[in-house]
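Okay, here's what each chain looks like letter by letter:
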Amino acid sequence: MTFILLKNSSIVQKKIVFCTKLRTCLLFLFMLLNSFVAHGDQIFLSSQALVKASDVAVTGKLIHKQNITLTNKQVIRVGAIYIEQVFKGLSPSQQSLLIELPPFTANGMLKSTDVVLEIGNEGLWLLKKHTNGLYRVERPDALLPKEKATILFK
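Rules used throughout
- Within every chain, residues take consecutive numbers counted from 1 along the sequence as written.
- With the structure being a predicted model, the display of local features is reserved for residues of pLDDT at least 70 and the display and counting of side-chain atom pairs for 80 or more, all residues being used for whole-chain, interface and lining totals.
- Only heavy atoms go into the side-chain values, all of them from the structure, while hydrogens and water stay out.
- Secondary structure is summarised from DSSP: a helix means a run of H or I of at least four residues, a strand means a run of E of at least two, and numbering begins at the N terminus for each.
- Here the term buried applies to any residue with accessible area under 20% of the maximum for its type, exposed to any over 50%, and partly exposed to those in between, with areas from a 1.4 Å probe on protein chains only.
- Residue contacts follow a heavy-atom distance rule, with two residues in contact if any of their heavy atoms lie within 4.5 Å.
- All accessibility values rest on the Shrake-Rupley procedure with a 1.4 Å probe; residue burial counts only the protein chains present in the view.
- By convention in these notes, a salt bridge is any Lys or Arg side-chain nitrogen within 4 Å of a carboxyl oxygen on Asp or Glu.
- When DSSP finds two or more bridges between two strands, those strands count as paired.

A.B. asks: Would you explain the overall build of the protein in this entry?
C.D. replies: When its secondary structure is counted, the protein shows 3 helices and 6 strands. Helices and strands in the protein line up, N terminus first, as α-α-β-β-β-β-β-β-α. Looking at the protein residue by residue over its 154 residues, the buried ones come to 28%. Counted over contacts in the protein with a minimum sequence separation of 6, partners at least 24 positions apart contribute 57%. Total accessible area on the protein stands at roughly 11000 Å², and carbon and sulfur atoms take up 62% of it.

This is the structure we're talking about:
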C-alpha cells in the first residue's frame, strides 16, 4: 500500500510540474505575441489641416532651451523661438515666443510621437496652446521647412 501511495504522489507531482511548465510556456507565448502589437495614436493630417488646427503659425528658430522648476517641484522644459514672421495667432510685431518642450509627461519619458527639438531647429512652427499657457509642438509633422510657409500662406 505504501508503494501505491508513493507511486500516485510521484504521478501527481509530475502532473503539477507539467502544468506549471505549460502555463509558463503559454504565458511566454502570450507576452511574445502581444509585444508585436503596435498602437498608433496619430492620424495623417495634410499641411493645410495642421495649419487650421494650430493656434499659432510662425517661422523662426529655436535659440534657447532651459529647465524650469515649478512651485510643486515639477520640472518643465521650455524653449525660446526667435520669430522671423508671424502668420497666425500672434501680433506681427512679436519677436520671440516661449514653448514647452517634450517630454510633456511627469516622469520625463519620451513617446514615439514626441518631437525632439535642438537649439538651431528652424522652420514653420505650427503650435497649439496648452492649458498651462505655453505653446507646444504636439506632432512630429508640426515643424515644417520654412519654404512651406510661402505655399501655405499665399
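From this point, the narrative continues.
A.B. asks: Would you mind going over the pattern of salt bridges with me for this structure?
C.D. replies: Between side chains of opposite charge, a pair can form when the charged atoms approach closely. Tallying each qualifying case throughout the model produces 5 salt bridges. In this structure, the salt-bridge partner of glutamate 122 is lysine 146, at a minimum N-O distance of 3.2 Å. Note that glutamate 122 is positioned in strand E4 (residues 122–129) and lysine 146 in the loop between strand E6 (143–144) and helix H3 (148–152), a separation of 24 residues in sequence. In this structure glutamate 122 comes out as partly exposed when scored by relative accessible area, which is 39%. The partner of arginine 139 in a salt bridge is aspartate 141, and the shortest N-O contact between them spans 2.9 Å. Arginine 139 gets classed as buried once you look at its relative accessible area, which sits at 15%. Put simply, Glu84, Glu122 and Lys146 are held in one network by salt bridges that share partners.

A.B. asks: It is not clear to me how the pairing of strand E1 (residues 56–69) should be interpreted in this structure. Could you clarify?
C.D. replies: Each regular strand displays side chains that alternate between the two surfaces of the sheet. As paired strands, E1 and E4 are joined by 6 bridges and run antiparallel to one another. Bridging across to E4, alanine 57 finds its partner in leucine 126. As paired elements, E1 and strand E2 (residues 75–88) share 12 bridges and run antiparallel to each other. Looking at E2, one finds that lysine 61 is bridged to tyrosine 82.

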